[in-house]
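# Structural description and commentary
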Amino acid sequence: MSEVKISAETRSEFGKGAARRIRRDAKVPGVLYGHGSDPLHLTLPGHELLLALRTPNVLLSVDIDGKTNELAIPKSVQRDPIKGHLEHVDLLLVKRGEKVTVEIPVHTEGELAAGGNLLEHVLNALPVEAEATHIPESVTVSIEGLEAGASVLAKDIKLPNGTTLAVEEDAVVLQVLAAQAEETADEAEGDAAAEA
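Computed from a predicted structure; not experimentally measured.

## Quick word on the nonpolar core
Taken as a class, soluble globular proteins show a tendency for nonpolar side chains to be buried jointly. Ile 73, Leu 126 and Ile 157 are the most contacted members of the largest nonpolar core, which has 25 residues in total. For this core, the secondary-structure elements that each account for two or more residues are strand 5 (68-79), strand 6 (86-94), strand 7 (99-109), strand 9 (125-131), strand 10 (139-142) and strand 13 (172-177). The element best represented in this core is strand 7, accounting for 4 residues. Listed in part, the 18 residues of the second largest apolar core include Ala 8, Ala 52, Leu 60 and Leu 93.

## Observations concerning the sheet that holds strand 10
For sheets, the rule is that strands pair by backbone hydrogen bonds, running either parallel or antiparallel. One open sheet holds the 4 strands; their spatial order is 10-7-9-12, and the pairing between them is mixed. Looking at strand neighbours, the two that pair on one side only are strand 10 and strand 12 (164-165), the edges of this open sheet. In this structure, strand 7 lies alongside strand 9, joined through 7 bridges in antiparallel fashion. Counted as the bridge partner of Thr 101 is Glu 129 from strand 9.

Criteria and cut-off values
- Residues numbered from 1 in each chain as written.
- Predicted model: local features only at pLDDT ≥ 70, side-chain atom pairs only at ≥ 80, totals over all residues.
- Heavy atoms only, no water.
- Core = buried A, V, L, I, M, F, W, Y, C linked by side-chain atoms within 4.5 Å.
- Buried < 20%, exposed > 50% of the residue type's maximum accessible area, 1.4 Å probe, protein only.
- Helix = DSSP H or I, 4+ residues; strand = E, 2+ residues; numbered from the N terminus.
- Pairing = 2+ DSSP bridges.

Structure, rendered in C-alpha cells:
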C-alpha cells in the first residue's frame, strides 16, 4: 500500500462555528491522536482527503505545518448524511513496523451452484491485524459452486503474508441460503383448509 501525502495545519479554534468556517474554506477539521501523545487538532484539505479516503485503510503521511511528518490511518470519518461531504476525521498515529487492527473489505468471485441460491455477507469487512505500512486493501473469496447451506469461515480465507485474523477462526463470513419459493394460491387454500 502506498502512502498518500497530505498537508495539514494545526488549529486553535474549536466548536461549531469554527468547524463551519473550516468547511466553508473547503477544508475538514480533524484530530490526530495515539501513542500516548496529546490529541493534535488539525485542518486538512477537503478534496485531497476525500480522494485519499476512497482507498480503505489508507496510510496517510501527514505534513503538519511543514515542520513534522506523521504516519496515520483513518479511525473515524464523519460525513454529511445528505450531501456526503466530509464533516470530521479522526486519525490514528502509527509507526513503521507497528501492527494495527483494521477491517478490510471482503470481495467474492465466481458463481454459486445453480438453483437460485442467495449469498449472504455475514461480515462485509474482515477484522485483521497487519503492519501499518502493509495493510491489504481487500480479500477475495471464491464462491464457485457453493450450494445452499454452505458457509465460508474466517479461517478459510487466504490472507496475505504478515496479516492475521483479528476475529474468531470459526466466525461465519459468507453463507449460502436456499431461495424461498413463493407459495401458490392453491397451496395457501389447502393449508387454510387443513387448519380448519
